[in-house]
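Reading the structure
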Amino acid sequence: MEVKNANSAMLSNYEVFKLLTDLKEQRKDSGKTKHAAGHQNLNTIMYETLKYLSKTPCSRQSPEIVKEFLTTMMPHKLTKAEKLQLLNHRPQTAVEIQLMVEESEERLSEEQIEDLIETVAGILPGDPEQENPASADADMDEGTKET
Amino acid sequence: MFVLVEMVDTVRIPPWDFHKQLNEAIAEELNKKLANKVVYNVGLCICLYDVTKLDDSYIFPGDGAAHTKVHFRYVVFHPFLDEILTGKIKYCSQEGVHVTMGFFDDILIPPESLQQPAKFDEAEQVWLWEYETDEGAHDLYMDQGEEIRFRVTDEVFVDTSPTGPTAAQSDAPAQAGQSTAPPPPPPPPPPEEGEKKEAPYTLIGTICEPGLGLLSWWNS
């Protein structure tokens, strides 16, 4: 076996999630082959990876959302790796953005960081469970912290 | 987190699989061979992405199977340096905090890369961060099962291919005289109790930055 190119392209979590979900559907239809001894590894890795990815923001994305996100990101002049991390993690705070964007203090003003947070929150769908009770809790927490 | 790797390999389709479509038989063989396996210096293979080129199939004398050279792309888990990842704490030990992502287990955050000052609680076998504020010191425990965000600082690939018999004989160094006659098979070094298998691919991480560490530390 020969590796021609160990880094031919980067894949977003959404692409891998879609690929695995389609593969799972395909294998479900084929019936008994997936239980054969040789397939155990594929089954395990598919199951675990899908389990992990379904808890990340990528499970709620679609090709249109990804395209819209990348077009909106163009003026910010971020590197491919930075945009990929923002797409995969959907950061909600300035601290998270600073982690993913290198030298963010020099390259982005506070306004731009706020802008990024809003774009990310607006275009990439968030976790519906997290967002509704969270707004109520945040008010409660702020009250207790100030005392 | 995931990359596409272009590879070339010769796939053997045995005669009893000739009724299958060639593409499907090849996809199945490739997945059987590579899924959930680590390729040295490449990463953890997840599943086949697509087949880019199929050369002609040949049948060799003595073997009824068809051999096809296949150019294909495979989805591989290979985070780049400084990438931010999220995982769950598997357990803590003196070596550091062991993190798992479900499909990939061998992630270690060594003690020096924890939020400082850090202490290891022997009784509960857990690392904790002695966080100081104006109100006093809080001990933030890194419990099992907690979600943790970390940055990848290093990766270690170990070649775990089987070694030859010479490895066992290296225990009898200065015995040049016996080299012609096959030496009485040296007793194989007794495998230590719980002989450790080296992980073929390990990630080293850090949480020594604002925003890294347990998610609960940073979510207001």
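All values reported here derive from a predicted model rather than from experimental measurement.

Let's shift gears to the overall build of chain A. Along the backbone of chain A there are eight helices and one strand. N-terminal to C-terminal, the α/β element order of chain A is β-α-α-α-α-α-α-α-α. Residues classed as buried in chain A amount to 37% of the 147 residues present. In chain A, the proportion of contacts linking residues at least 24 apart, taken out of those at least 6 apart, comes to 65%. In the form shown here, chain A has an accessible surface area of approximately 8,900 Å², with 52% of it arising from carbon and sulfur atoms.

Attention now moves to the interface of chain A and chain B. Taken together, the contact between chain A and chain B spans 36 residues of the former and 43 residues of the latter. Both sides together, the interface formed by chain A and chain B hides about 3,600 Å², and carbon and sulfur atoms give 64% of it. Looking only at chain A, the three residues that lose the most surface to chain B are Met1(A), Tyr52(A) and Leu99(A), adding up to 20% of its buried area. When the shortest N-O distance is used, the salt bridge between Arg149(B) and Glu96(A) registers 3.6 Å. Applying the counting rule to chain A against chain B returns eleven residue pairs in polar contact (both at pLDDT 80 or more). For the side of chain A that touches chain B, the secondary structure elements donating two or more residues are β1 (2–11), α1 (13–30), α2 (40–54), α4 (80–89), α5 (94–100) and α8 (128–146) of chain A. No other element matches β1(A), which puts ten residues into the side of chain A that touches chain B. For the side of chain A that touches chain B, the class distribution of residues is 18 nonpolar, eleven polar and seven charged. With six bridges connecting them, β1(A) and strand β1 (residues 2–13) of chain B associate as antiparallel partners. Note that in β1(B) the partner of Leu11(A) across the bridge is Phe2(B).

Further remarks concern unusual backbone geometry. Gln116(B) connects to Pro117(B) through a cis peptide bond whose omega is -5°. Summarising the element assignment, Pro117(B) is placed in the loop between β7 (107–109) and β8 (118–121). Non-glycine residue Arg90(A) carries a positive phi angle of around 50°. Here Arg90(A) shows up in the loop between α4 and α5. A residue is classified by how much of its surface remains accessible, and Arg90(A), at 7% relative accessible area, is buried. At Asn41(B), a residue that is not glycine, the phi angle is positive and equals roughly 65°. Within the secondary structure, Asn41(B) sits in the loop between β2 (38–39) and β3 (43–59). Classification of Asn41(B) by relative accessible area gives partly exposed; the value is 45%.

Here we come to the side chain of Glu82(A). Residues and elements named next belong to chain A. Here Glu 82 shows up in helix α4. On the accessibility criterion, Glu 82 (4% relative accessible area) is buried. Residues in contact with Glu 82, not counting those within four places in the same chain, are Met 100, Val 101, Glu 102 and Arg 107.

Fine structural detail should not be taken from predicted coordinates in areas where pLDDT scores are low. A residue-level look at chain A finds 86% of positions with pLDDT of 70 or above and a mean pLDDT of 84. This model gives residues 134–147 of chain A a pLDDT under 50, and the stretch forms two contacts once residues within four places in sequence are excluded.

The rules behind the values
- Residues numbered from 1 in each chain as written.
- Chains lettered and ligands numbered in written order.
- Predicted model: local features only at pLDDT ≥ 70, side-chain atom pairs only at ≥ 80, totals over all residues.
- Heavy atoms only, no water.
- Helix = DSSP H or I, 4+ residues; strand = E, 2+ residues; numbered from the N terminus.
- Buried < 20%, exposed > 50% of the residue type's maximum accessible area, 1.4 Å probe, protein only.
- Contact = heavy atoms within 4.5 Å.
- Areas by Shrake-Rupley, 256 points an atom, 1.4 Å probe, with all protein chains shown as cover.
- Buried area = accessible area lost by both parts, 1.4 Å probe.
- Salt bridge = Lys/Arg side-chain N within 4 Å of Asp/Glu carboxyl O.
- Polar contact = N/O pair within 3.5 Å; in protein donor to acceptor, adjacent residues only side chain to side chain.
- Nonpolar A, V, L, I, M, F, W, Y, C, P; charged D, E, K, R; others polar.
- Pairing = 2+ DSSP bridges.
- pLDDT = per-residue confidence, 0-100.

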